[in-house]
Amino acid sequence: LKNSPMYWRGEHTKLRALQQFRRAAHGDVPTYFQTNSMAEFHWPQMRALLEEYVWATRGAEGAAELLSPDRARNLLLECSHVVVAYFDARTVNFWSTVLREVLEYDDAWWRLEFAKGRGAAHAHGLAMSFSHHAQREKLLASTGCSVNELFDKTPESQAAASRAAEALWGWMSGPGAADGAGGAPHPDAPDARLRVPPQRGGA
C-alpha cells in the first residue's frame with residue numbers, strides 16, 4: 001500500500017541499495033540534493049487545467065462559483081487530485097529534461113511530500129552524477145582541503161573550507177568557470193547505455 005510505513009521502508013531499502021551500488025562500483029555518493037516546490041497560485045497552465053476540469057464535472061453554475069477569485073484556495077483543495085497529478089507530471093518532465101542536462105546525472109530518485117501547513121505538494125530528490133562528482137573531487141583536492149576540514153571548526157580548517165567553497169561556487173556558476181567544468185563526460189564514467197531512468201519513490 002503506497003505511503004504506508006511498510007511501503008516507505010521498502011523504498012528506503014531501494015535507495016540505500018542504489019547508494020551502496022554506486023559507492024562500490026563507481027566510488028561516488030549522491031552529488032546533488034534537489035527540492036521542487038509548487039507555485040500553485042501562479043501557474044497559468046494548471047489554472048487552465050483546473051478550469052477545464054471544473055467545467056466538465058460541475059457545469060456552468062458550479063464553475064462560476066468555484067472559479068471565482070476569492071475561492072482560489074478552495075479550488076485547489078477540492079480538486080487536489082488534479083493539482084497533484086499536474087505537479088507530478090511537471091516534476092517528471094523537469095527531472096527528465098532540464099535537470100538531466102544541467103546536472104548530467106546517471107541515476108536519480110525523488111519522492112513527493114505535502115507541506116503540513118497548506119498541504120502543497122513538493123518533491124525532494126537525489127541526483128547522482130559520476131562526471132560531476134569526479135570534477136568536484138578534483139577541484140576540492142586542488143584547494144588543499146580535505147572532506148574532514150569542511151566540518152572542522154578550527155581556523156585553519158575554516159580557511160581551507162572557505163577556499164574550497166569559493167572554488168566550488170565558481171565551478172557551479174557556469175561552464176568554463178573552473179578548470180575541468182563542463183565538456184565531455186569523465187573518461188571513467190559508466191557507459192551511458194547502462195543508465196537507468198529516474199526512480200521515483202511514489203506520490
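Structural notes, computed from the coordinates.

Reading the values: the criteria
Residues numbered from 1 in each chain as written. Predicted model: local features only at pLDDT ≥ 70, side-chain atom pairs only at ≥ 80, totals over all residues. Heavy atoms only, no water. Helix = DSSP H or I, 4+ residues; strand = E, 2+ residues; numbered from the N terminus. Contact = heavy atoms within 4.5 Å. Areas by Shrake-Rupley, 256 points an atom, 1.4 Å probe, with all protein chains shown as cover. Core = buried A, V, L, I, M, F, W, Y, C linked by side-chain atoms within 4.5 Å. Buried < 20%, exposed > 50% of the residue type's maximum accessible area, 1.4 Å probe, protein only. Axes fitted to C-alpha atoms, helices over the stretch in contact; angles between N-to-C directions. Parallel < 35°, antiparallel > 145°, perpendicular 65-115°, else oblique. Left-handed = near helix turned anticlockwise from the far one by under 90°. Nonpolar A, V, L, I, M, F, W, Y, C, P; charged D, E, K, R; others polar.

Turning our attention to the overall build of the protein chain. From N to C terminus, the protein chain includes six helices and four strands. If you list the helices and strands of the protein chain from N to C, you get α-β-α-α-α-β-β-α-α-β. Considering only contacts in the protein chain between residues 6 or more positions apart, those separated by 24 or more positions represent 66%. Within the structure as shown, the protein chain displays about 12,300 Å² of accessible surface, and the carbon and sulfur contribution to it stands at 58%.

Moving on: the nonpolar core. Residues Met38, Met46 and Leu50 are the most contacted members of the largest nonpolar core, which totals 27 residues. Secondary-structure elements contributing two or more residues to this core are helix 2 (44-66), helix 3 (72-78), helix 4 (80-103), strand 2 (107-114) and strand 3 (121-128). If one sorts the elements of this core by residue count, helix 4 sits on top with seven residues. If we skip the residues at most four places from it in the chain, methionine 46 touches Met38, Glu40, Leu76, Val83 and Tyr86. Listed in part, the seven residues of the second largest apolar core include Tyr7, Trp8, Leu18 and Trp109.

What follows is about the packing of helix 2 against helix 4. The interhelical angle for the contact between helix 2 and helix 4, taken along N-to-C directions, is 140 degrees, at an axis separation of 10 Å. Judged by the angle between their axes, helix 2 and helix 4 are oblique. Two packed elements cross with a definite hand, and for helix 2 against helix 4 that hand is right-handed. Contacts between helix 2 and helix 4 pair Gln45, Met46, Leu49, Leu50 and Tyr53 from the former with His81, Val82, Val83, Tyr86 and Arg90 from the latter. Classifying every residue of the contact of helix 2 with helix 4 by side-chain character gives seven nonpolar, two polar and one charged.

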